[in-house]
Every structure is written in structure tokens, then in C-alpha cells.
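# A structural walkthrough
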Amino acid sequence: TKEAYEQVSNWLNTAGLQQIEDRALELGPRVENWRDTNEGTNEQLNQFNKQSKKDHAEIDRCNSELKRISEELEGSPEEEVSSLEKKVKEEDRLLSEYQERLGADRREQTNKAIELKELESKLDKLEAQNEQQKLSKNRRDTAEEVIKGTRQVLRLMDSKWRVSLESQIQRTFRKISVKNYKPRLNRDYSIDLIDESNGTDVAFGQGESLVLSFSFISSIIEEARKIASQKGGVYGPDDTQYPLIMDSPFGALDDTNRSHVASTISELADQVITLVSKTQWREEVETVMKPRIGKSYVLTYFSPREDTVDSEIRLGTQTYPLIKRSTNEYEHTTIEEVTHA
């Protein structure tokens, strides 16, 4: 019924998986017990019916006996009336007793029928709960199979992605670095640097670390572009369209690596924002990046210190301040767009 369905549904929403399993295990024995009780009740009802038939047969017999006695009384004037009256009273008493027993049996039969109906109703509810339990178990098993399959696919994709990413990192690293080193990508996506001449690990410094970082970022973006370009795949929208912001990327590089990194930066993303100091904006960096620059800005720092030394930078035909003395007690920074660079 609708009421039973709502009760089961509410119970499923509030109970945990462990409670559902425990409840399901309890239902089996209880259902079997109710079936046994149902069979016992039917057996009792059959016995009451048999007893009722016997009582009716006894009543019929008594009525026949009473009729026979009455006939004897009518045909035998020698029989004493008092004796016959005693027999009549006895038969009436037995008749009343049998009628009482018959009424009690009928009431008991009615009660048993009501009890049987209630047991059948409970049995129907339990069977409905069993169906809900089976449905919940099937759903849980299906979810576990989906999780298992998804994890297998993820492991395969991770293995394929790591191999492809490592190859891309190695190609990018060779383009930037002049040293005979080869990056190796570990399972946790950390990177080791291997000397290809002897196969030993290299303790790389700040310069190699920065080149590896560029290689890693560039390779991830390139792999993401490959995935996004695949038609009919299970991947989402193109996630490679975003700006990349880099702060002081040339500080620890030598002249050769500085030039290579500067030429590679513009390929990392569709929009790259690079923050560089005056000392980093040298000939090799400016030469490589200037043709690819969309807009340039100068950040001027105003210091409240009295011993502030002014600093400036020349870009194109104009000179822009980098450090100036603040006109008040507060420090602040302004941003000015570079024109005619």
C-alpha cells in the first residue's frame, strides 16, 4: 500500500547501509515464523470447525432422543411423568451447554480469523520490505561496480598520461637547457634529473630547478591541449584558455637559459603575464620577448624612507621611474602603461 511504501522509503532514507543489512538479515527468520504461525492458526480453525460439526451432530442426536422420548410418553401411560421430566431437563441442560460451547467456538473462530488477517497483512508488508531491501542492495552493488570500473579506467589513464607527459617534459627541457641531462617523472609526479652520460641522478641547482619548472608547466599545458582537441572524448570543455602569471622567472638563469626560457614563455598559454625586475629585463630577454608583447606596464614603488634612492628604467624612447621618495608617510605602488616601447 502507499502507507507501507512511504514507511519503507522513510526508513531507507534515515537508516545507514549497515542498519539495512542487519534489518534484512532479521526479516528472513521473522517471515518464516509468521508463516508457521499462519499454518498453526489455520490448523486451529480446522479443529474448531470439526468440533462445531460434532456439536451440531450431538444437538441433532439430542433432539432425536427428545422426540423419541416424547413419543414414548405418548404411547406408554405406565411411564412415570416425573422420570420423563428429569430426562427432558437433562437433555435441555446438555443442549444449553452445547449451544454455549458452539457460541464460544464461533467467537474463537472469529478472533482467529482476525488474527490470521493481521498476520497476512504483516507478511505482505515484510515481503514488500524485502523487495525494497533487494532493490537497495542491487543499487549498492551497481554503484560499487561503477566505482571499481572508474578506478580501473583512472589507473589506465594515469599511466598513459604519465608516459606522455614525461616525454613532453624531456622534449621541452632539451629545447631550453644545453646540458646533457634528462628529466625523469616519478609516480608521484616529482621530477628527478638524470645525467645521460652515466645514468646517475643530478643534484640540480636553482637554475635547473627553474628550467624544470618551466618544462613541467609547459608540458602539462601542451598535454591538456592535446586532450581538449580530441573529438568525441569524455573530457570537458577546453581548459587551456586561461592567463598564466609568472613572477621573476629569469632571476636564477644564465644567459643561454634566459634566452630559451624567454622564447618559450609565450607558448605556455594564450595570455602570459610576466613580472620582471630591471636587472632581469636584459638584452636577451628584451630581444626575444619584445616582438611578442601586447602591452607593458611599469610598477613604480614610492617609499617613505628619507634615504630612498631613485631608480628608473628606459623603455623605447621614454624613461619610467621604478623607485621614488613618497610625498607622505605611506608607501604605495602605482601602475603606468608603457607607450612607444
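Before reading on, note that the structure itself is shown above.
Model, not experiment: these values are computed from the prediction. The written sequence of each chain sets the order in which its residues are numbered from 1. Side-chain atom pairs in this predicted model are given and counted only at pLDDT of 80 or more, local residue features only at pLDDT of at least 70, and totals for whole chains, interfaces and linings cover all residues. With hydrogens and water set aside, each side-chain value is computed from the structure's full complement of heavy atoms.

Moving on, we get to the side chain of Asp-195. Topologically, Asp-195 is positioned in strand β2 (residues 191-195). The residues contacting Asp-195, other than those within four sequence positions of it, are Asn-180, Tyr-181, Thr-200 and Val-202. Helix and strand assignments come from DSSP, with helices taken as H or I runs of at least 4 residues and strands as E runs of at least 2, each series counted from the N terminus. Whether two residues touch is decided by their heavy atoms; if any such pair falls within 4.5 Å, the residues are in contact.

This part covers the sheet that holds strand β8 (residues 318-325). If you trace the four strands from one edge of the open sheet to the other, you get β7-β8-β6-β9, paired in mixed fashion. The outermost strands of the open sheet, each flanked by one partner alone, are β7 (311-315) and β9 (332-337). In this sheet, neighbouring strand axes are inclined to one another by 20 degrees on average, regardless of whether the strands run parallel or antiparallel. Following DSSP output, two strands are said to pair if at least two bridges run between them. Relative to β9, strand β6 (residues 297-303) is paired through six bridges, and the arrangement is antiparallel. Residue pairing across strands places Thr-300 opposite Thr-334, the latter belonging to β9. An axis is simply a line fitted to the C-alpha atoms; with a helix, the fit covers only the stretch in contact. Between two such axes, the angle follows the N-to-C directions and lies from 0 to 180 degrees.

This next bit is on the sheet that holds strand β1 (residues 181-185). On the basis of which strands lie adjacent, the open sheet formed by three strands has the order β1-β2-β3 and antiparallel pairing. Strand pairing shows two members of the sheet lacking a second neighbour, β1 and β3 (200-201), which therefore form its edges. Examined bridge by bridge, β2 and β3 share two bridges and lie antiparallel to one another. Within the sheet, the bridge partner assigned to Ile-194 lies in β3 and is Asp-201. Of the strands in this sheet, β1 and β2 are in contact with helix α4 (residues 206-229), which crosses β2 at around 115 degrees.

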